[in-house]
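Read off the chains here:
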Amino acid sequence: MKLKIDNETLAQEFFEDALLLGIVAPVKDYQFTWQLNQILGFNFRVNNDFEIQLTKKQRKYFFSIYEYAVPSTCLVHYLYNNQFDGEYLLPEFKHLDFLWLIKGETVSSEELKSLMQSIKSLPGVQLVNEMTNEKIKHKQHLIF
């Protein structure tokens, strides 16, 4: 009997308690996280343990993930770089530069609206929108 990973079930469980934002901000990932940390008071740090590696056309592509765990809560924010050397983590969303995943606790619509407004206020940010799981074809690329 051959064992096979059920990617659909895995993705469903991973996104069970998660919100995903798409961000258009044509700046370097380290500049963007610096702005988030300095201006909005977050504490994003790159987490090399979660770096996503994809192999396409016999080349390896590395997508960095920044992490921020909110103190005294179960809430964790992850910031994915959607682009690396001409390839995309989510090819169906090539226009997005970053993906912001919020996991752990339910975020109220007021808190989400406030967060999105804060992100939009940063220099270089052109668009922030909430993404629905149904529209994401390559969900398994976001699972670490």
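One can find the structure itself at the top, above this paragraph.
As the structure is a computational prediction, the values presented were derived from the model and not from experiment.

Can you help me understand the nonpolar core in this one?
Ile 23, Phe 32, Leu 79, Trp 100 and Ile 119 are the most contacted members of the largest nonpolar core, which totals 23 residues. Elements represented by at least two residues in this core include exactly strand 1 (18-24), helix 2 (29-40), strand 5 (65-69), strand 9 (98-103) and helix 3 (109-120). No other element matches the four residues that helix 3 contributes to this core. Membership of the second largest hydrophobic core comes to 19 residues, among which are Tyr 61, Ile 65, Phe 93 and Leu 99.

Sorry if this is basic, but what is going on with the pattern of salt bridges here?
Opposite charge on two side chains allows them to pair when their charged atoms are near. Applying the stated criterion across every chain yields a total of one salt bridge. Its salt-bridge partner being Asp 85, residue Arg 59 comes within 2.4 Å of it at the nearest N-O pair. Residue Arg 59 is located in strand 4 (residues 59-63), and its partner Asp 85 is located in the loop between strand 7 (83-84) and strand 8 (87-88); the two are separated by 26 residues in the primary sequence. Since its relative accessible area comes to 39%, Arg 59 is described here as partly exposed.

When you look at the pairing of strand 6 (residues 76-81) in this model, what are you seeing that I'm missing?
Within a regular strand, side chains alternate between the sheet's two faces. The buried count for strand 6 comes to six of six residues, which makes it a mostly enclosed element. Where burial is concerned, the two faces of strand 6 agree: the one with Val 76, Tyr 78 and Tyr 80 and the one with His 77, Leu 79 and Asn 81 are both buried. Sheet topology places strand 5 next to strand 6; five bridges connect them, and they run antiparallel. Among the inter-strand pairings, Ala 69 is bridged to a residue of strand 6, identified as Val 76. Taking the residues that link successive antiparallel strands as the turn, the strand 5-strand 6 hairpin has six residues, and the phi of Ser 72 there is positive, at about 65°. Pairing of strand 6 with strand 9 involves six bridges; the strand directions are antiparallel.

Each value, and the rule that gives it
Residues numbered from 1 in each chain as written. Predicted model: local features only at pLDDT ≥ 70, side-chain atom pairs only at ≥ 80, totals over all residues. Heavy atoms only, no water. Core = buried A, V, L, I, M, F, W, Y, C linked by side-chain atoms within 4.5 Å. Buried < 20%, exposed > 50% of the residue type's maximum accessible area, 1.4 Å probe, protein only. Helix = DSSP H or I, 4+ residues; strand = E, 2+ residues; numbered from the N terminus. Salt bridge = Lys/Arg side-chain N within 4 Å of Asp/Glu carboxyl O. Pairing = 2+ DSSP bridges.

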